[in-house]
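What the coordinates show
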Amino acid sequence: MKKRAFPAAASVALAAFAACSTPPARPSASAPPPAPLRATPAATPEPLLGPARYVLAEGVGVSFDEAGRASALPRPEPAIASGNRFLLDGGLVLAEARGPETLYGFRSLPARLGGGYVFWSDTRTYHADTFLGELRPLAQIAAEGGARPWLDTLVLRTDLGLLELDPRAPTPTVRRTDLARFAEAFSLDGKHGVRLDAFGRAEITTDGGKTFRDLTAERGVRVFNVGEGASGRLLLYPNRGGYPPTLALDPAAGLVPFLVAPQNDLGVGMTPYAVDDPLPTSRQLAPSELAGAVFAGARLPGGRALVTREQSVRVLALATGQVLDDAYSLGVAEPYTHCQPLTRGADVLLACTHPHGAHVLALRDDPSAPRLEATFPEPSTFIAGLGTRFAFTGRCGALVPTVADFRGAPPVSEPPLRLFGPSESTTAPPEDPPEPLDPTPTDEAYVCVRAADGAWTERRLTGDDATHLYRFLPGDGGTATALVLRGKDTKPASTPAPEGVRILRVDPDDPALDGARFPAVLTPMEEPPYRSIDRDFWLDEKDGSVHGWIVLPPEGESAEDAFDREPLPQGRSERMLPVASRPGGRFAGVHIQPDGRVEVHPLPPGIVELIRGGPFALARADADGLATYHETTDGGRTFRPVAPPPVGELSAPYDANVVQGCSELGCALGDGVVRLGWGGPAPAAPPPPPPDLAPAPAPPVKRLGSLPLRCRLERPGAPAPRDDGKSDAAAPPLPASLRNPPGVAVGVVRAGSFHVDVGLPFDPRPPRRVTFKAPTLTRVEGAVVPVLLATDASPVGFFLRTNELRFDVGLPGSAPSQGPVALKHNGVFTSAADLGRGDLLTLNGMDGELSLVRGGLVRSITEMARVPDVTRHRLGIARRRGDAASARLAVSAVSGTSGDILLADLDLARAALGPVRAAGSLTNLDPSPACRPDPDAYRLLAEVLVDVQFDPPHPAYDAPSLGATALVAVSAGRTCLEGLEVRLSPNNTTLVVRFPSPGASLVREAGRSDAAICSSP
């Protein structure tokens, strides 16, 4: 039968879209021409790629050595992935070693520190003489922030701060030194080093630590990261983004400007900038396209693979998975570049789908200039069988391929250009483009079959067989087999099979299937790698029988429970067929004889997941909690046990568009794990469980725990004051206090006034009533911002901040009768200090922004950048006692893990921070009368946990680990606890305690307050 032809009227050309879009840049003129893709057909096909090797591609989380730098030349690199150690070569797994627990990072040590490697998990730090060698515990703490070589010690960046140890010692001891007040320390040669505090203040040494220079004081620069450069230089990065560095600490020249290129003709040195497509280094994994290549790519002669990307094709080396070449399809624009490559004999083709139809491109010597081989007037999928068998599930296009077949595409104003060589028609489009073709009726089906010589032939099926058509399978010489799902109760066909079509009828309820379902036909992918070819079923090369895959119910589940009983619409004609659309699960190979008899191939025991592609598949079985893997290359007739993936496991894809499946090249397991090739030795026996580890030294630092608080109620207090006695006693308004959760309404708005009961922070007296004029408000909710004051009697106040207003409910000198202050500011205030005369200094503890607030005006003073660390510091403001005349302030950084309190004096005039100093620790909180802060002590607020217990027990109030705000004064190494506000569980109740212990206390809740006495033993 001849190819179906359509009129040459055209409504769109790919050229028009290419003209309206900016194509990717061509390779430079000096670049070598792409290698030819075609090859003379060999007498025998290439052997199956093997043995199988696992490759980690982009997308797998991998940690490389924190020391040293990547090489521009290929070399094996140690790495950690999924908590295990691997030796990788461009992502290719060369060797691996399992450990006693999940590892998160490592660093190779210099010879001066004993060499070898240091590793860390989430609980320990280890040492090994070689990367894959035995792990020996060094410290019972994790180096969450990494490890750094220091002058003559190793520094662990832990959640308790910087700790030091000597890895050369027979029994290393973890020590806490003066480095605890710093966030980073680094030395490459033991003589030159730099240490950074939390706010980027840098101190450098060039004499092994005998003396240090304050680089920030000398040059006014702050450093937020340190890296290793060439020739043993330390690179200093002043930007939080990390690039570029501006200074380098050179072993020969000391502190020098950072320049990596010689000066140009103007005498100016050049610094590097990142490029969009840098050259690969030894510390890169295989490109993500490798997974796309084994999932939906094509094998090329010479150990290469072809995969499509957006508007381009990429050639990869099958030996390494690395990129060999790229070619841009400059003449084709979106959406006509959504193509899957395949080889048919010596031909390299691109099977392309889009909303307006489909087409096939042929790649010759220049892959950037494809030739248009065939066009199809309706969107659908392609089918590939064994050998050269290939077809499109729909009508054929015009005898001469033309973009005019793409009906319903947007019109163009100019005649199309020749995009695909002389075979493409260049007829100008008519003013009225033809409408898209309607879907064919369910009792009519078409397939366009490609013969080995590249000729396309259309075949047609009608009647009941077309109504029950499951899929066409391409044969030889332009013939096709129609696989029809018809039960025994359907009437037999009344007409003979049409020319060139063989009909193979299968009963979907055949007892041999045992309830299994045929899988739904795949739909083309709209994202790379643009899978558009269905390979689930294929014809046997010898007897014309059919092989393929069927969906089994999960182990132990019946087919009735596993599958939808209703038929599903299939294809553009939406034929209702009994198929399963499940993307993952158990699949089994099926063999359908020419007479319709069905044989289901058995699976290995325990199979729970299988991915497939043509006759190739990889399966995972679970038995007694142990996962084993099996491969097949003959459509499931036989399986062989194989090694498991090095990371992760084979699991069901979350939808049909996940790059997960198999081909003759191997399998993409998902998440960047690729099994390249087939075959190989049998898997090794599972390793024995790791031996018990020897104990490691614990750090000499206490972790911050919960503060015990013992209380007793003294007497019930009077109800909170009310403005007119008419409030609803069943639902009293919530008072304003320091521990109010943000966004909760407080007080009550009535008759144009806002009435609120105010409990001052750390003040055990009953709340007082405050009234504001608020004629436009109906509800007040917002955040409470604490304010450090100058007085000892009442050292902390607060204001209530809403989206556009500020209520000074707990500040001295406020005049509520004047109403709230308009305050329109998008930032967040976490703490503040009173500067006098109505001015406030506010801090956003999340981004470090300091602002001056005067009335309703907010002006940013500075934003304090921080060195990334793992100590969970919370920023706040500290105020020196006795500074009523002029506020002396500092920025506080309080660790939520170690309890360390660091202070840096704040110079408001210069908006600058002084050096960080250790001021105290929350682990040594002292509420006793003996702890009396010096006159120059600093007060600050800190978040702590408390264990509250009343005597006698109070079920509503007693609870462990309750969040609390502590008023702390630090001086001369003493950390005095002056007050607590604890959020109790029921009804927004607050426990207020003022020390020294035992301290007067108050249980404050909506509508009432009860006096109490609390102490901390």
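Throughout what follows, the structure given in this document is the object of discussion. On a predicted model such as this, the values are computed, not experimentally measured, just so you know.

Bringing unusual backbone geometry into the picture now. Residue proline 996 follows phenylalanine 995 across a cis peptide bond; omega there is 25°. Tracing the chain through its elements places proline 996 in the loop between strand 72 (990–994) and strand 73 (999–1005). Between serine 997 and the following residue, proline 998, the backbone shows a cis peptide bond with an omega angle of -5°. Here proline 998 lies in the loop between strand 72 and strand 73. The phi dihedral of alanine 751 is positive, around 55°, even though this residue is not glycine. Within the secondary structure, alanine 751 sits in the loop between strand 54 (748–750) and strand 55 (753–758).

Relative to the helices and strands, phenylalanine 131 is located in the loop between strand 8 (125–128) and strand 9 (136–139). Each C-alpha atom of the pair phenylalanine 131 and alanine 79 lies 9.1 Å from the other, and the pair is 52 residues apart in sequence. Ignoring sequence-local partners within four residues, the contact set of phenylalanine 131 consists of Pro78, Ala79, Arg85, Phe86, Phe106, Tyr117 and Phe119.

Right, let's talk about the side chain of arginine 1004 for a bit. Here arginine 1004 shows up in strand 73. There is no salt bridge for the buried arginine 1004, and the closest opposite charge comes from glutamate 981, which lies 4.2 Å off by N-O distance. Engagement of the side chain of arginine 1004 in a polar contact is seen with the backbone oxygen of aspartate 763, the distance being 3.4 Å. Excluding residues within four positions of it along the chain, arginine 1004 makes contact with Ser737, Gly759, Leu760, Asp763, Pro767, Glu981, Asn988, Thr989, Thr990, Val992 and Ser1009.

Within the structure shown, the criterion is met by 5 disulfides. In this model cysteine 396 forms its disulfide with cysteine 448; the gap between the sulfur atoms is 1.8 Å. Its S-S torsion of about 100° marks the bond between cysteine 396 and cysteine 448 as right-handed, since a negative value means left-handed. Separated by 52 residues along the polypeptide, cysteine 396 in the loop between strand 30 (390–392) and strand 31 (444–450) and cysteine 448 in strand 31 bring together distant segments of the chain.

Okay, the environment of phenylalanine 199 next. Here phenylalanine 199 shows up in the loop between strand 14 (193–196) and strand 15 (202–205). Overall, the relative accessible area of 3% leaves phenylalanine 199 in the buried class. Put simply, phenylalanine 199 and phenylalanine 182 are 17 residues apart on the chain and 9.3 Å apart in space, counted from C-alpha to C-alpha. With residues up to four places along the chain from it excluded, the contact list for phenylalanine 199 reads Arg222, Phe224, Met864, Ala865, Arg866, Leu875, Val891, Ala904, Leu913 and Val916.

With that out of the way, let us pick up the packing of aromatic side chains. All chains considered together, the criterion is met by 22 aromatic pairs. Ring plane angle 55° and centroid distance 5.0 Å describe the contact between phenylalanine 106 and phenylalanine 131, whose orientation is recorded as tilted. Highlighted residues: phenylalanine 106 in strand 6 (residues 105–108) and phenylalanine 131 in the loop between strand 8 and strand 9, separated in sequence by 25 residues. Taking the centre distance of 5.4 Å and the plane angle of 50° together, the rings of phenylalanine 950 and tyrosine 957 count as tilted. For the pair phenylalanine 950 and tyrosine 957, a shared accessibility class is recorded, and that class is buried. Clustering of aromatic rings is evident, with ring pairs tying together Phe376, Phe382, Phe390, Phe392 and Trp456. Directly above the ring of phenylalanine 119 sits arginine 85, whose terminal nitrogen or CZ lies 5.5 Å from the centroid. One cation-aromatic arrangement involves arginine 612 over phenylalanine 587; the distance from NZ or CZ to the ring centre is 4.0 Å.

So, on to the sheet that holds strand 15. The strands that make up a sheet are held in pairs by hydrogen bonds between backbone atoms, and each pair lies either parallel or antiparallel. Here 4 strands make up an open sheet; going across it, the order is 13-14-15-16 and the pairing antiparallel. This sheet does not close on itself; its edge strands, each paired only once, are strand 13 (184–187) and strand 16 (213–214). In the sheet, strand 13 pairs with strand 14 via 4 bridges, with the strands oriented antiparallel. Pairing of alanine 185 across the sheet is with arginine 195, part of strand 14.

It is worth spelling out a negative patch on the surface at this point. A grouping of Glu310, Glu334, Glu526 and Glu527 is seen on the molecular surface, where their side chains present a negatively charged patch. Checked against the element boundaries, glutamate 527 lands in the loop between strand 36 (518–519) and strand 37 (533–534).

Here the focus is the pattern of salt bridges. Applying the stated criterion across every chain, the model contains 55 salt bridges. Here glutamate 649 and arginine 620 are joined by a salt bridge, their closest N and O atoms 3.9 Å apart. With glutamate 649 in the loop between strand 48 (640–642) and strand 49 (661–663) and arginine 620 in strand 46 (residues 616–623), this pair connects stretches of sequence that are 29 residues apart. A salt bridge links arginine 806 to aspartate 808; its shortest N-O distance comes to 2.8 Å.

Glancing now at the sheet that holds strand 46. The antiparallel open sheet is built from 4 strands, whose spatial order is 45-46-47-48. The sheet is open, and its two edges are formed by strand 45 (607–613) and strand 48, each paired on a single side. When the angles between neighbouring strand axes are averaged without regard to direction, this sheet yields 30°. Examined bridge by bridge, strand 46 and strand 47 (residues 626–632) share 7 bridges and lie antiparallel to one another. Opposite aspartate 622, over in strand 47, you have alanine 627 as the bridge partner.

Where burial is concerned, the two faces of strand 13 agree: the one with Glu184 and Phe186 and the one with Ala185 and Ser187 are both buried. Between strand 13 and strand 14, which pair antiparallel one after the other, the connecting turn spans 5 residues, and glycine 190 there sits at a positive phi close to 80°.

Thresholds applied
- Residues numbered from 1 in each chain as written.
- Predicted model: local features only at pLDDT ≥ 70, side-chain atom pairs only at ≥ 80, totals over all residues.
- Heavy atoms only, no water.
- Helix = DSSP H or I, 4+ residues; strand = E, 2+ residues; numbered from the N terminus.
- Contact = heavy atoms within 4.5 Å.
- Buried < 20%, exposed > 50% of the residue type's maximum accessible area, 1.4 Å probe, protein only.
- Lys, Arg positive; Asp, Glu negative; His and termini not counted.
- Salt bridge = Lys/Arg side-chain N within 4 Å of Asp/Glu carboxyl O.
- Polar contact = N/O pair within 3.5 Å; in protein donor to acceptor, adjacent residues only side chain to side chain.
- Disulfide = S-S within 2.5 Å.
- Phe/Tyr/Trp six-rings, centres within 6.5 Å; stacked < 30°, edge-to-face > 60°.
- Lys NZ or Arg CZ within 6 Å of the ring centre and 35° of its normal.
- Pairing = 2+ DSSP bridges.
- Patch = residues over 30% accessible without salt bridge, like charges linked within 9 Å, V, L, I, M, F, W, Y side chains within 5 Å.
- Areas by Shrake-Rupley, 256 points an atom, 1.4 Å probe, with all protein chains shown as cover.
- Charge placed at Lys NZ, Arg CZ, Asp CG, Glu CD.
- Axes fitted to C-alpha atoms, helices over the stretch in contact; angles between N-to-C directions.

None of the figures reported here should be taken as evidence of function without further support.
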